[in-house]
Structures are given as structure tokens and as C-alpha cells.
There are 2 protein chains.
Amino acid sequence: MLNDLRKDYLLDRWVVIATHRKQRPRDFLGKERASREISNKRSCPFCPGNERETPPAVLVYLKSRRGIVKGRDEDGVRHKDWLIRCVSNLYPAFSPPEKRESFKSGKAVGHHEVLIESPNHSEHPSVAKIEQLVHVINGYRDRLKDLSSRNYVRYVSIFRNHGADAGASLSHAHSQIIATPTIPRILQNELEASKSYLERDGSCAYCNILDSESGGPREVWENQRYFAFAPSAAVHPFELWIMPKNHETTLLDFDGSSVIKLAEAMRTCLGGLSSLLNDPPYNFGFHIAPVADAKHYHWHLEIYPRLSIWAGFEKSTGMYINVVPPEDSARNLKSTIEKLGD
Amino acid sequence: MLNDLRKDYLLDRWVVIATHRKQRPRDFLGKERASREISNKRSCPFCPGNERETPPAVLVYLKSRRGIVKGRDEDGVRHKDWLIRCVSNLYPAFSPPEKRESFKSGKAVGHHEVLIESPNHSEHPSVAKIEQLVHVINGYRDRLKDLSSRNYVRYVSIFRNHGADAGASLSHAHSQIIATPTIPRILQNELEASKSYLERDGSCAYCNILDSESGGPREVWENQRYFAFAPSAAVHPFELWIMPKNHETTLLDFDGSSVIKLAEAMRTCLGGLSSLLNDPPYNFGFHIAPVADAKHYHWHLEIYPRLSIWAGFEKSTGMYINVVPPEDSARNLKSTIEKLGD
């Protein structure tokens, strides 16, 4: 009985889908997960009251009688009673240029920020109030707009690490934002492939993926604006993509009502994942058009549960093995979400 | 203070080298490592006496009065008193074709084998006797030759996972061999880049890497035939490459005396890594020319210690962050190896 060998929709990325020795959700429940978790709640630098333990905020959302007010920490003063808070990473991988340093110098010019998603330590997207997630998404959009305006920035990566096994070093709900001086490889490849696709077929590759996955065996969930599904060549067990139904290139393309719908999609899908798999570690990353114009691109959010380890084969070849067929992931996630909604 | 942004010698792979917040070897000693280890020594399917717990061996080395004799398990009989033993993986990702199935069918046609490196449970390359490692390397070569002759095989990946955090599910010393029906992406990219290099510069890209790294700050160790160094755009902390000094395309190009020298290089480098970093989890993978002729390629062994986690940024962009500059890795590894040799 042979396993499937599948290619990504656009990338030159191949994955073996184990139809032969596939694993079930209960194989991933991770009874030892708790022991690996980060236990730093007592002295959390991201919790309210500890604002001085981080660099000054480049963005805070504050509640006022007239709605949300946006601000930043200035003149040594740290804002209190914030709803979300975005600060420079204390150990940045990328830093703003000093004295006209440019990309050519081989230096990691850019920005590296942490978006603290809530004053509540454990208000992760899987359990967050929708209105709080709306603040988070709007925070992403504000930082994306600001960082994109810098002349040394070519791409802005917005991502999240959840759990120690996914690389999180603090357990307070937070995302990260990295602005890079070059377009990263995976994005560059997606951009080139979707451009070729448009030139050849006259339509958006991702819009066509949506059409073909809609109503199929890998569909997980949808609302008016967003469609969630397991990609056909999923590299990770229970991998999940959330894609806007409209052709939008980046997070700046859409309006407030769409933000609420995106918050709902993230809350529902990550809540389903957490319920099905005992709050698994995961990474997510937004794939968006780079700063420069790319009308052929279609932004989406890719969610990677960390339930298996990329070993010597994956690391040295760039080919992958996935022990959970995406059709099985989708069916299980879909029914879990339906039960939660009852 | 800006970090470096470096590109791989040949691949379109960028890595941030943290010169700003770099970490030292003692940060990686992994005091909790033991707890994550695989404790299955008591009923190990790879230990002598348990041969029936695996599929029949496709290759065994046996000691006889006239030297090493090669054989295979046949007719339900399992060889005993073997030196090394190669069996099909009980849960293969790739399997031989049934009834003329071809690559086009989208099936994972190929082979997936386990090479048991020693009858001694813990005879890992870092502590192995040189003569035992010679058997292991000759075992790789025998399997490579055999698998390469199948008409549905395009590439043979020989790799090793050491420790649970590197994806090993059994702790008995073993490697894996996967034969694929297509050339994996990383190899394909290296092949294309080294071909272009040859056409442009008239010389081998890897021979030139050897020349430029020799005697430099990233040199780790060498003997008459092999050179070990930390690559300039290392993606992993303490990443290490071992490369033949002669221009050789694959593991089948060299003779017995070179096998001994390779065993010595692996023993020395992996022994140094183990001593410096408290027996860290690691993967290694041989990068060799594919089955079809590729005279421009230059085989080498890449060793990736698993001391950091690829998180949302790495997974969604294909760009990497390495918190240990390869110059520091090399200096530490070099001095550790020198001390061990005293």
C-alpha cells in the first residue's frame, strides 16, 4: 500500500502523505505537554504592572469614553491600562539601520517587535473574546502600515509561536512582527508562482484554490468572508490555512467588518484545534504581499501545529513526511468545531 | 549593533547570524536532556536476539575467518552475530512500486530502510570504534549502490536522527536510508547552482568553498582526505560540514583507505560535538550526486545539532535566525577536539 506523494499548490515542495501508517488525533494528545510548558506567570514581563521590564511601547491601544485611543510610550512614561501593547523585542534579530547602513552591507537591518495581545496572561486566540482579537488584528495592521513605510523594509512577517515546543519563550499571549530588508524565500517563490499563474491562466492561483477546495474533503469552516481548509499537500499534521474569499493582497486591503469576521475565523479554528488536540503547540504566519505592489498575490494565514519533528530527511532534503492525511485533519477539525458550536 | 544577514554558499537561503545576542556553548548543555531521552533499552528491537522484531535484513555484515562476509536474511531465517544489519523500516514513508506504478501516479514509490550500526546498543558514531564505523560507511555504500540501480529511484538520502528532540524514536545506534522517485528540492537547487557555477567559473563551487574556508576562522578539523568546518551561513547553532578534499560526486567514488579516513573524521567531529554540548540531539544528512550523472556536484555531510527551534518566522518565511556565529562554533569545536586528542 503506497503513500501519496503530493506537491504544494504553488511551491516546489513535496510531501509524503502517510495513508499507510496514518495517525489519529488521540496519538497527539501529548500527556507530557504540561511538563514542557513555560512556567513564568509569576514574574511575567508582559503582564500589567511590569511595563518597565520591556522596551517602551511603539503602540498601545487604550480604552476611553470615546472608544479606542492609540498611543505610544514616550519620555520615560509607560502607559498603563492598555488593551494591547507592541514593544521592540528585547533581543531583536533585526534592528533599524545605524547611519545609513543598507541591505548591501550584509546586515540584518529591519525591525523585530512583540505584540502583547491582551492584559490577561492566557487570553490566547483559541479562547480570546472576539473584541480582543479585533484589537490584535488592528494592531497587526497598524504596525504593518508603519513598518512598510520604511525605505529599508521589503517584507513584514507577522507570526505567532504558541507553547515551548513551538519556540515560545514566554507564555503570555503574544505575537511577533519582523520587518526584513529582503523578501524571504517562501514568499518570493509564492509571488513568482502566482504571477506566472496569472499570466498563463488569467486568474488568481489562490482564488482557484479556494474554488477547488470549497465543498471538498479538506474544507474545515467558513463564514461570509473567510474560508478555512487543510491544504492538499499539508506539510504538518493538522495544518490549516485561513484565506479571504475576496481577492485581497494584504492585511491592509479590508475594512472593519472584515476584521471582525477574521477574528471569528481565527477564534473558531484555533479553538477547534485546541479542543481536538489538547492545546497543542503551534506556529502561525501571515503570508501577505510584500511592501512593493503585487496585485497577483492573495494573502492568507497558515497555521502549523507542532506535533511531529522535522528530522534528518526533512532537514537535509527539503522533502517532507506527514503522518496525518489532510482529509483526516479536516474531517476531525470540522466535526470538533461543529460540536463546540452546538 | 546590527546582526549579520548571510546567504548560503549556493542556495537562496538567508540566515540572521546573531552577533548581538550570541549564545555560548554552556547555554545549550541541556540539563533536562536526559528526561526527554528514549528509554527503550530493555526491549530494543534492534539489539541482538530480537532480530525477529524487524523485517528480514536486506543486508548483514558477518565476521568470518576470511574477513567480512555479506549476506541477507532469507527463507524465514534471521542471521545472528551480525556486525551491521539493514532492514526495511517497519513504517516506511516510501515503498517499492506495486504492478508497474510509476512516479506519475503521485505515489511515494521508493525505499525506506534502517541501518543498525552496531550490535552494541549505544555505539553511536561519537563513541564508535573506527572499524565499526567503517562497516557502517561501507553499509551505506552497499545500499546506495543497490538502491541506485532501481529504475524508479532518482535520489538516495542517507541520514541519521540522534536523540528524541531530533526525531529519533529508538535509541539504538541507527541511520536511515530513503530512496525517492524525484530529486528533492535542496539537492536540486544545489545541483543547479553548482552547475551554473561550473559553467561560469570553470571550477567546482564546493572545491572553491574548501579553498576559501581552509585556514580561516570557521575551520574545525582536517585529515589527509577530509575537511570539517562551520559553514559561513550556518542555519543551526554548531552546524558542521564534512567535505572530501578531492572532487568526488558521491559515496561510491572513493576507495577503502578513504573510508577509514571518513570514519575518523565522523568519529572526531561527532565526538567533539558530544563532548562540547553534552551529547546533543542532532541530525546529519549526506548530500550526494543523484543517481543520474552529475560530475559538477561534490558530496558532503551536513550535521545539524538540534539546539534551537524553528518557529513561526522560520517556518512561514524560509529565512532563519542562528544565535551562534559559526566562527564561535568552529573555535569552540576546534579547541574541544584538540583537548580530546591530547
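Residues numbered from 1 in each chain as written. Chains lettered and ligands numbered in written order. Predicted model: local features only at pLDDT ≥ 70, side-chain atom pairs only at ≥ 80, totals over all residues. Heavy atoms only, no water.

> How should I be thinking about the sheet that holds strand β7 (residues 155–162) of chain A in this particular structure?
Across a sheet, strands are paired by hydrogen bonds formed along the backbone, either parallel or antiparallel in direction. Residues and elements named next belong to chain A. Ordered by their spatial adjacency, 11 strands build an open sheet running β4-β3-β5-β6-β8-β7-β12-β13-β11-β10-β9, and the pairing between neighbours is antiparallel. Of all the strands in the sheet, just β4 (67–71) and β9 (219–222) have a single pairing partner and so form its edges. On average, adjacent strands in this sheet sit at an angle of 20° to one another, irrespective of strand direction. Examined bridge by bridge, strand β3 (residues 57–64) and β4 share five bridges and lie antiparallel to one another. Counted as the bridge partner of V60 is G71 from β4. Packed on one face of the sheet, helix α4 (residues 205–213) meets β9, β10 (226–229), β11 (240–244) and β13 (300–305) and runs near 65° to β10. (Pairing = 2+ DSSP bridges. Helix = DSSP H or I, 4+ residues; strand = E, 2+ residues; numbered from the N terminus. Axes fitted to C-alpha atoms, helices over the stretch in contact; angles between N-to-C directions. Contact = heavy atoms within 4.5 Å.)

> What's the story with the relation of the copies chain B and chain A in this structure? I'm lost.
Both copies of the chain are related by a screw-like operation: a rotation about an axis and a shift along it. Overlaying chain B on chain A yields an RMSD of 0.0 Å, the required transformation being a rotation through 180° with an accompanying axial translation of 0.0 Å. Both chain copies can therefore be described as sitting about a two-fold axis. The overlap is high: 98% of the interface residues of chain B also sit at the interface in chain A, so the same surface is used on both sides. (Least-squares fit on C-alpha atoms with pLDDT ≥ 70 in both.)

> Any chance you could explain the pattern of salt bridges here in plain terms?
Counting across every chain of the model gives 32 salt bridges over all chains. With a shortest N-O distance of 3.6 Å, R225 of chain A and D255 of chain A are connected by a salt bridge. Of this pair, R225 of chain A sits in the loop between β9 and β10 while D255 of chain A sits in the loop between β11 and α5 (256–277); the two residues are 30 residues apart in sequence, bridging distant segments of the chain. In this structure, the salt-bridge partner of E213 of chain B is R218 of chain B, at a minimum N-O distance of 3.1 Å. Assessed through its relative accessible area of 2%, E213 of chain B is described here as buried. Connected through salt bridges with shared partners, the residues R6, E213, R218 and E327 of chain A form a single ionic network. (Salt bridge = Lys/Arg side-chain N within 4 Å of Asp/Glu carboxyl O. Buried < 20%, exposed > 50% of the residue type's maximum accessible area, 1.4 Å probe, protein only.)

> Would you mind going over the packing of aromatic side chains with me for this structure?
How two aromatic rings sit relative to each other is set out by the distance from centre to centre and by the angle between their planes. This model, assessed by the stated rule, comprises 29 aromatic pairs over all chains. Ring geometry for W310 of chain B and Y320 of chain B: centres 4.6 Å apart, planes at 45°, overall tilted. With W310 of chain B in the loop between β13 (300–305) and α6 (312–317) and Y320 of chain B in strand β14 (residues 320–322), this residue pair connects regions lying 10 residues apart in the sequence. By the burial criterion, W310 of chain B is buried, and Y320 of chain B matches it. Residue placement shows K315 of chain A over the ring face of W310 of chain B; its charged tip is 3.4 Å from the ring centre. (Phe/Tyr/Trp six-rings, centres within 6.5 Å; stacked < 30°, edge-to-face > 60°. Lys NZ or Arg CZ within 6 Å of the ring centre and 35° of its normal.)

> Could you clarify how one ought to interpret empty space enclosed by the protein in this entry?
To find leftover empty space, a probe the size of one water molecule is rolled over the atoms. Residues and elements named next belong to chain B. Following the criterion strictly, the structure yields one cavity of 30 Å³ or more and no others. In this structure, the largest cavity occupies an estimated 30 Å³ of space. As for the largest cavity, its lining consists of D8, Y9, L10, E190, Y206, I209 and W241. Its residues assigned to classes, the lining of the largest cavity shows five nonpolar, no polar and two charged. (1 Å grid on protein atoms, 1.4 Å probe; cavity = no way out; pocket = protein on both sides within 12 Å on 5 of 7 lines; lining within 4 Å. Points joined across faces, edges and corners; volume = space filled by probe spheres on them. Nonpolar A, V, L, I, M, F, W, Y, C, P; charged D, E, K, R; others polar.)

> So what exactly am I meant to see when it comes to the side chain of E190 of chain B here?
All names here are of chain B. Looking at the secondary structure, you find E190 in helix α3 (residues 185–201). Although E190 lies buried, it forms no salt bridge, and the closest oppositely charged side chain, R13, sits 5.8 Å away as judged by the N-O distance. Apart from residues no more than four positions distant in its own chain, E190 is found in contact with L10, L11, Y206, H287, Y297, H300 and E302. (Lys, Arg positive; Asp, Glu negative; His and termini not counted.)

> For this particular structure, what's the right way to read the layout of surface pockets?
Here the second largest pocket is characterised by a volume of approximately 570 Å³. Around the second largest pocket sit 33 residues that line it, and R185, I186 and Y320 of chain A together with R185 and Y320 of chain B are the ones nearest its centre. Those elements that provide at least two residues to the lining of the second largest pocket are α3 (185–201) and α6 (312–317) of chain A together with α3 and α6 of chain B. Broken down by class, the residue content of the lining of the second largest pocket amounts to 13 nonpolar, seven polar and 13 charged.

Everything listed here is a matter of coordinates, which is why it stays silent on function.
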